[in-house]
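Spelled out, the chains give:
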Amino acid sequence: MEILHTAPARDGFHMPAEWEAHEGCLMIWPERGDSWQYGAYAARRAFVQIAAAIGRSERVTVLCSPRQYDNARLALPANVRVIETATDDAWARDVGPTYVVNGRGTRRGIDWGFNAWGGLYPDCLRDAAAARKVCDLYGDDCYDKRAFILEGGSIHVDGQGTALVTGACLLNPNRNPDMTKDEITRTLCDYLNVQKVIWLPRGIYRDETDEHVDNICAFTAPGEVVLAWTDDESDPQFALSNACLQTLADERDAKGRAIRVHKLPLPRPVTITEEECGGLDFCEGEPTRVPGERLAASYVNFYIANGAVVMPAFDDPADAEAVRILQGLFPTREIVSIPTRNILIGGGNIHCITQQIPAV
């Protein structure tokens, strides 16, 4: 593995769209007690279901701590690779490398700076080192961009020159306080090799990542997105989603296309129970969950695998409608709906715990 100090755009590399072919998918085995309730057993069952669904069409690699290797190996399907690698938590999207390709059979990773979502958690040194280790595992060279704080869930691309981000996250002073919006835009253009960055104003209400874009809006095809939506104007989410809708209505992508928006309904508000809070460890310096707290539930937090779209379910009447909409948008892929409340309690969902490895 070579550490590179140039920029992907200058080298002829770009970030492909998630629906393009994958070699595989990266995940991390959950065990952290302040994220995963009651020893993470319920969360692990959901992780196993997700890994199995993705593993039917691409190779899944799961990182885990040495003390959890035997548990992970026993629980996961035989076709899932398990690798001992130390991390602080299980958010592969945010701590794994962002991959770029050049269309000539070469793939490289980007090692962004990671500060635990703006300092949300005090210990993140092992997570901050994860991207480079994954590049080494796959035998890919790695761009060193640790001077720029960015999580993988805060960007989404169409593979044709356009990126989606939220200002709530990328302009938050807890990420890159010394950079202007224009400077951040230029950095994204240089490292993702995009020509247009669409800045959505907000994300999902109470999303503790400072409103990552992958929970509110995602490309489903060039010029098309899904947007998390509620018709309830009394819901705090309505104003946030509506602001994004207005932004998208006024924008064009890098190819000059108007953005076609497909509204993906939100489930009814999901709140954490007293019993669930009781199963979480306390860690000094970190936020603690309180009974009745609203969680950032959204169907947009899905993963596009080679043969499937693996999406969250919340035991809600909107589950079926979300499946129907996504099936229409991805007619050649199976839509796999998996109950993910026990992942959501940890602060994210399916897209947050997965990171695609593009095929070359």
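The sections below set out a description of the structure shown in this document. Since the structure is predicted, the reported quantities are computational estimates derived from the model, not experimental observations.

Some details on the overall build of the chain
Part 1 of the reasoning: Secondary structure assignment for the chain yields 13 helices and 19 strands.
Part 2 of the reasoning: In summary, the chain has a C-alpha radius of gyration of 19 Å against a globular reference of 21 Å for 360 residues, a match within 12%.
Part 3 of the reasoning: Taken along its principal axes, the extent of the C-alpha atoms in the chain is 50 × 50 × 45 Å.
Part 4 of the reasoning: The buried share among the 360 residues of the chain stands at 61%.
Part 5 of the reasoning: Here the analysis covers contacts within the chain between residues at least 6 apart in sequence; of these, 76% occur between residues at least 24 apart.

Describing the sheet that holds strand 11 (residues 217–221)
Part 1 of the reasoning: On the basis of which strands lie adjacent, the open sheet formed by three strands has the order 11-12-13 and mixed pairing. Each of the sheet's edge strands pairs with one partner strand only, and the pair in question is strand 11 and strand 13 (260–265). If you compare each strand with its neighbour and ignore which way they point, the axes differ by 35° on average.
Part 2 of the reasoning: Against the sheet, helix 10 (residues 236–250) contacts strand 11, strand 12 (224–229) and strand 13, and its axis sits at roughly 160° relative to strand 12.

Quick word on helix 7 (residues 130–138)
Part 1 of the reasoning: Buried residues of helix 7: A130, A131, R132, V134, C135 and Y138, and no others.
Part 2 of the reasoning: Where helix 7 ends, the next residue or the one after it, G139, has phi of about 75°, a positive value.

Remarks on the nonpolar core
Part 1 of the reasoning: Ranked by internal contacts, the top residues of the largest apolar core, which has 50 residues, are M27, W36, I50, I54, V60, L76 and V310.
Part 2 of the reasoning: Judged by nonpolar contacts, the second largest core, of 46 residues, contains C217, C277, L295 and V300.

Looking at the pattern of salt bridges
Part 1 of the reasoning: A full pass over the atoms with the stated rule returns 22 salt bridges.
Part 2 of the reasoning: Linking E31 and R67 is a salt bridge whose minimum nitrogen-to-oxygen distance equals 2.8 Å. Linking E31 in the loop between strand 2 (22–28) and helix 2 (41–55) with R67 in the loop between strand 3 (59–64) and helix 3 (69–75), this pair joins segments that are 36 residues apart in sequence.
Part 3 of the reasoning: What makes E31 partly exposed here is its relative accessible area of 24%.
Part 4 of the reasoning: Between D210 and R175 there is a salt bridge, with its nearest N and O atoms 2.6 Å apart. In this pair, D210 sits in the loop between strand 10 (196–200) and strand 11 while R175 sits in the loop between helix 8 (167–170) and helix 9 (181–192), placing the two residues 35 residues apart along the sequence. For the pair D210 and R175, a shared accessibility class is recorded, and that class is buried.
Part 5 of the reasoning: Shared partners join several salt bridges into a network, and the residues in it are D111, R132, D144 and R146.

Focus: the sheet that holds strand 1 (residues 3–4)
Part 1 of the reasoning: Pairing within the open sheet is mixed, and its four strands lie in the order 1-7-6-5. Looking at strand neighbours, the two that pair on one side only are strand 1 and strand 5 (98–101), the edges of this open sheet.
Part 2 of the reasoning: Helix 9 rests against strand 5, strand 6 (107–113) and strand 7 (141–149) of the sheet, and its axis sits at about 170° to strand 7.

Notes on the environment of K145
Part 1 of the reasoning: On the secondary structure map, K145 appears in strand 7.
Part 2 of the reasoning: A sequence separation of 83 residues divides K145 from A228, and the C-alpha atoms of the two residues are 31 Å apart.
Part 3 of the reasoning: In contact with K145, other than residues within four places in its own chain, are I110, D111, W112, G113, T187 and Y191.

Observations concerning the packing of aromatic side chains
Part 1 of the reasoning: Counted by the stated rule, this structure contains ten aromatic pairs.
Part 2 of the reasoning: Seen in terms of ring centroids, W117 and Y121 are 5.7 Å apart; in terms of plane orientation they differ by 80°. Their pairing is edge-to-face. Comparing W117 with Y121 shows no difference in burial state: the two are buried.
Part 3 of the reasoning: Between F302 and F330, the aromatic rings sit 6.2 Å apart at their centres with planes inclined by 75°, giving edge-to-face as the arrangement. Highlighted residues: F302 in the loop between strand 15 (294–295) and strand 16 (303–304) and F330 in the loop between helix 12 (318–329) and strand 18 (334–339), separated in sequence by 28 residues.
Part 4 of the reasoning: Grouped by ring-pair contacts, the aromatic residues W112, Y143, F148 and Y191 constitute a single cluster.
Part 5 of the reasoning: Positioned above the aromatic ring of Y138, the side-chain terminus of R81 is 5.4 Å from the ring centre.

A few points about the environment of W199
Part 1 of the reasoning: Relative to the helices and strands, W199 resides in strand 10.
Part 2 of the reasoning: Given a relative accessible area of 12%, W199 falls into the buried group.
Part 3 of the reasoning: Here the alpha-carbon distance between W199 and V213, two residues 14 residues apart in the chain, equals 9.6 Å.
Part 4 of the reasoning: Once residues within four sequence positions are removed from consideration, W199 is found in contact with V165, T166, G167, L170, L171, K181, I184, T185 and T247.
Part 5 of the reasoning: There is a polar contact of 3.1 Å between the side chain of W199 and the side chain of T185.

What counts, and where the lines are drawn
Residues numbered from 1 in each chain as written. Predicted model: local features only at pLDDT ≥ 70, side-chain atom pairs only at ≥ 80, totals over all residues. Heavy atoms only, no water. Helix = DSSP H or I, 4+ residues; strand = E, 2+ residues; numbered from the N terminus. Rg over C-alpha atoms; globule rule 2.2 N^0.38 Å. Buried < 20%, exposed > 50% of the residue type's maximum accessible area, 1.4 Å probe, protein only. Contact = heavy atoms within 4.5 Å. Pairing = 2+ DSSP bridges. Axes fitted to C-alpha atoms, helices over the stretch in contact; angles between N-to-C directions. Core = buried A, V, L, I, M, F, W, Y, C linked by side-chain atoms within 4.5 Å. Salt bridge = Lys/Arg side-chain N within 4 Å of Asp/Glu carboxyl O. Phe/Tyr/Trp six-rings, centres within 6.5 Å; stacked < 30°, edge-to-face > 60°. Lys NZ or Arg CZ within 6 Å of the ring centre and 35° of its normal. Polar contact = N/O pair within 3.5 Å; in protein donor to acceptor, adjacent residues only side chain to side chain.

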